[in-house]
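Observations on the three-dimensional arrangement
Okay, here's what each chain looks like letter by letter:
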Amino acid sequence: MKPTPVRDVIAVQVLNHSEAETRYLLELAKKHSFIRGVVGWVDLTDPKVEQNLSILAKDSRLVGVRDILDFHETNWILREDVQHGLHAVQGQNLTFDLLLRPQHCKYAIQLVKKFPGLKMVIDHIGKPHIKNQEMIGWRDEIEELSQYSNIYCKLSGMVTEADLDAWTVADLQPYVTHVVECFGPDRCMFGSDWPVCTLAGATYSTVIDALNSCLQHLSVDQKLPIFGKNAAQFYGIR
């Protein structure tokens, strides 16, 4: 792998319904100091979610929770038991990664109104249909989500939403520009989406270079926090 400027990372879950994976990632973080935090999974609908989170959160490397919404009905995040679980997440002073697709955005807007004290980050800029150059719907809902100061956005996961075999930086540019205009440089953060990005023929360094190109309109002082400081502040990494 080509060397990159990245020295510290957050490890993020990929398996729903697996606290075992979360414990595995926490063990990796104990062994490798460059893994500064873990975004794990917990069953938000479990009546014992407070107890389960309390046990996992004894390890200070747990910084957040994510649930992949693709595995649920579209409005799952509005369920009462899910929101009970999110209150437990907030109670542990953890964050929540919102892995959305455009069809989830309208429900996410309803969700964030109910949780002004829970820090959330939209993963993969909400996974717009970059391959088809579609922005209608996604564009307005991302702008609305950005109005809430506790919501951040990850500039990640874009190459796999573009043409896997022929994507270009130009394909990504309008989406990156819109997100940065909405959230501002202080609430955007880089995410590699590695190794998933390899499905689009992209290496870790390729993804960094592509985002750098899309952020050329920013000053160095605006751009640098996107590649580190903002994530550290969001996840509470010291």
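The text that follows walks through the structure, step by step, so that each part is easy to find. (Residues numbered from 1 in each chain as written. Predicted model: local features only at pLDDT ≥ 70, side-chain atom pairs only at ≥ 80, totals over all residues. Heavy atoms only, no water.)

**Overview of the pairing of strand β4 (residues 95–99)**
For β4, the tally of buried residues reaches 5 of 5 residues, placing the bulk of the element in the interior. Here β4 shows a buried face lined by Thr 95, Asp 97 and Leu 99 and a second buried face lined by Phe 96 and Leu 98. Two elements, strand β3 (residues 62–68) and β4, share 5 bridges in a ladder whose sense is parallel. By the bridge assignment for β4, Asp 67 is matched with Leu 98. Following the backbone out of β4, through helix α4 (residues 105–114) and into the adjacent parallel strand β5 (residues 120–122), one traces a crossover that is right-handed. (Buried < 20%, exposed > 50% of the residue type's maximum accessible area, 1.4 Å probe, protein only. Helix = DSSP H or I, 4+ residues; strand = E, 2+ residues; numbered from the N terminus. Pairing = 2+ DSSP bridges. Right-handed = clockwise from strand over helix to strand, strands pointing away.)

**Here we look at the sheet that holds β5**
By way of backbone hydrogen bonds, the strands of a sheet pair with one another, either parallel or antiparallel. One open sheet holds the 7 strands; their spatial order is β1-β2-β3-β4-β5-β6-β7, and the pairing between them is parallel. At either end of the open sheet lies a strand with only one pairing partner, and these are β1 (9–12) and β7 (188–190). Neighbour-to-neighbour, the strand axes of the sheet open up by a mean angle of 30°, direction not taken into account. Sheet analysis places β4 next to β5, joined by 3 bridges and oriented parallel. If you follow Leu 98 over to β5, its bridge partner there is Ile 122. Taken strand by strand, helix α1 (residues 19–31) contacts β1, β2 (35–40) and β3, and its axis lies near 175° from that of β2. Helix α6 (residues 169–183) rests against β5, β6 (151–155) and β7 of the sheet, and its axis sits at about 155° to β6. (Axes fitted to C-alpha atoms, helices over the stretch in contact; angles between N-to-C directions. Contact = heavy atoms within 4.5 Å.)

**Some thoughts on the nonpolar core**
Leu 44, Met 120, Leu 155, Leu 172, Val 179 and Phe 183 are the most contacted members of the largest nonpolar core, which totals 68 residues. With 7 residues, the top contributor of residues to this core is α6. Leaving out residues up to four positions away in the same chain, Leu 172 has contacts with Ile 130, Met 158, Val 159, Ala 162, Trp 167, Ala 210 and Cys 214. One finds Val 63, Met 189, Tyr 235 and Ile 237 within the second-largest nonpolar core, a separate group that totals 9 residues. (Core = buried A, V, L, I, M, F, W, Y, C linked by side-chain atoms within 4.5 Å.)

**Notes on the environment of Pro 47**
Mapping Pro 47 onto the fold places it in the loop between β2 and α2 (49–56). The exposure class of Pro 47 is exposed, given its relative accessible area of 72%. Taking the C-alpha atoms as reference points, Pro 47 and Leu 94, separated by 47 residues in sequence, lie 18 Å from one another.

**Regarding the pairing of β6**
Taking burial as the measure, the 5 residues of β6 include 5 buried ones, the bulk of the element. Across 3 bridges, the pairing between β5 and β6 is parallel. Bridged to Met 120 within β6 is Ile 151. Taken together, β5, helix α5 (residues 138–145) and β6 constitute a β-α-β crossover, and its handedness is right-handed.

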